[in-house]
Amino acid sequence: VGSLLEQAGLGFGSGSATRVSLTDGSLQGYFFRDVPNDGVQGPTAAAYMMSSLGVKSGDSVMVVDDQESYSTGLADIVGATLKAKGVNVDRESVSQKATDFSSLIAKIGSSTKVVFLPFQLATEAQLFSQQLKAQGKSATVFGSDGTFDWSNGSRLYYANLTSPFPGAKPFRGFEAVAVSRTDNVQSAAAGDANAWLDPVIVTKQSSTTFSDKEQIW
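Anyway, here's the lowdown on the structure attached to this text. Keep in mind that what you see is a predicted model, and the values were worked out from it rather than measured.

Rules used in this analysis
- Residues numbered from 1 in each chain as written.
- Predicted model: local features only at pLDDT ≥ 70, side-chain atom pairs only at ≥ 80, totals over all residues.
- Heavy atoms only, no water.
- Helix = DSSP H or I, 4+ residues; strand = E, 2+ residues; numbered from the N terminus.
- Expected span 1.5 Å × (residues − 1).
- Buried < 20%, exposed > 50% of the residue type's maximum accessible area, 1.4 Å probe, protein only.
- Contact = heavy atoms within 4.5 Å.
- Salt bridge = Lys/Arg side-chain N within 4 Å of Asp/Glu carboxyl O.
- Pairing = 2+ DSSP bridges.
- Polar contact = N/O pair within 3.5 Å; in protein donor to acceptor, adjacent residues only side chain to side chain.

**A short note on helix α3 (residues 69-84)**
(1) Moving on: Under the 1.5 Å per step criterion, the end-to-end length of α3 is 23 Å for 16 residues, consistent within 8% with the ideal 22 Å.
(2) Moving on: Among the residues of α3, Tyr70, Ser71, Gly73, Leu74, Ala75, Val78, Gly79, Thr81 and Leu82 are the ones counted as buried.
(3) Moving on: Looking at the packing, one finds that the buried side of α3 touches α2 (38-52), β3 (60-65), β4 (88-93) and β5 (112-117).

What follows is the structure, given as structure tokens:
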């Protein structure tokens, strides 16, 4: 495809292609994307498992791809990143058309903290999770962006600049960025204040710096 674009003098922009090699320089000037590549997403996913899902060096994580190019590339990078952190990685692969994961789930032992599923079909990840629960396994299923589905619900975030009340010191400095969120968008839109969770300060604060824009980067 790259050579065809070059011959035609055309550029191509993608909002979903994440393979690292696509922007290694060979298609410079012809291929563009506005999403992080697997070299960013993979280490980020691995770091989240260790910072928020309880995975530590010596623990076990199962990484399962669905034999499609997006899935295999991301799974390889996540697995390699975890191994470099001392995590035991069980690297598995299943067909995207599979519906029975029982034999694979049977391999998940009590030491497996997380099962990472970089699937492209949310329904496949949901089916895997249901069968895992049916077998009484306690591992956390963690999916990539491909497992997102609006039918599972939606979450709305709201960011704004915030200042403390006179005499109060909830954070350092005099202005910060706070973020609130709701999983009940309809009630929030109807003016129900109880639909929102308490706001959280998301900026790094000091006595000499402050935030003057509410954008989250």
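Anyway, onward from the coordinates.
**Details of the pattern of salt bridges**
(1) Moving on: Using the criterion set out here, one finds 6 salt bridges in the structure.
(2) Moving on: One salt bridge connects Arg155 with Asp183, and the closest N-O pair in it is separated by 2.7 Å. Highlighted residues: Arg155 in the loop between β6 (140-143) and β7 (156-162) and Asp183 in the loop between β8 (176-182) and α6 (185-189), separated in sequence by 28 residues.
(3) Moving on: Note on Arg155: relative accessible area 43%, which makes it partly exposed.
(4) Moving on: A network of salt bridges, in which partner residues are shared, links Lys56, Asp59 and Lys113.

**Regarding the sheet that holds strand β9 (residues 200-201)**
For sheets, the rule is that strands pair by backbone hydrogen bonds, running either parallel or antiparallel.
(1) Moving on: Spatial strand order, β7-β8-β9: 3 strands in an open sheet with antiparallel pairing. In this open sheet, the two edge strands, each paired with only one partner strand, are β7 and β9.
(2) Moving on: Pairing analysis gives 7 bridges linking β7 to β8, with the strands arranged antiparallel. Considered in β8, the bridge of Tyr157 is made with Arg181.

**Remarks on the environment of Thr81**
(1) Moving on: Its place among the elements puts Thr81 in helix α3.
(2) Moving on: Between the alpha carbons of Thr81 and Glu124 there is a distance of 25 Å; along the sequence they are 43 residues apart.
(3) Moving on: In this view, Thr81 contacts Pro43 and Ala46; residues no more than four positions away in its chain are not counted.
(4) Moving on: There is a polar contact of 2.7 Å between the side chain of Thr81 and the backbone oxygen of Ile77.

**A closer look at the environment of Asp38**
(1) Moving on: When you line up the elements, Asp38 lands in helix α2.
(2) Moving on: The class of Asp38 is buried, set by a relative accessible area of 3%.
(3) Moving on: C-alpha separation for the pair Asp38 and Leu121, spaced 83 residues apart in sequence, amounts to 18 Å.
(4) Moving on: Residues in contact with Asp38, not counting those within four places in the same chain, are Thr18, Arg19, Val20, Pro43, Tyr70, Gly73, Leu74 and Ile77.

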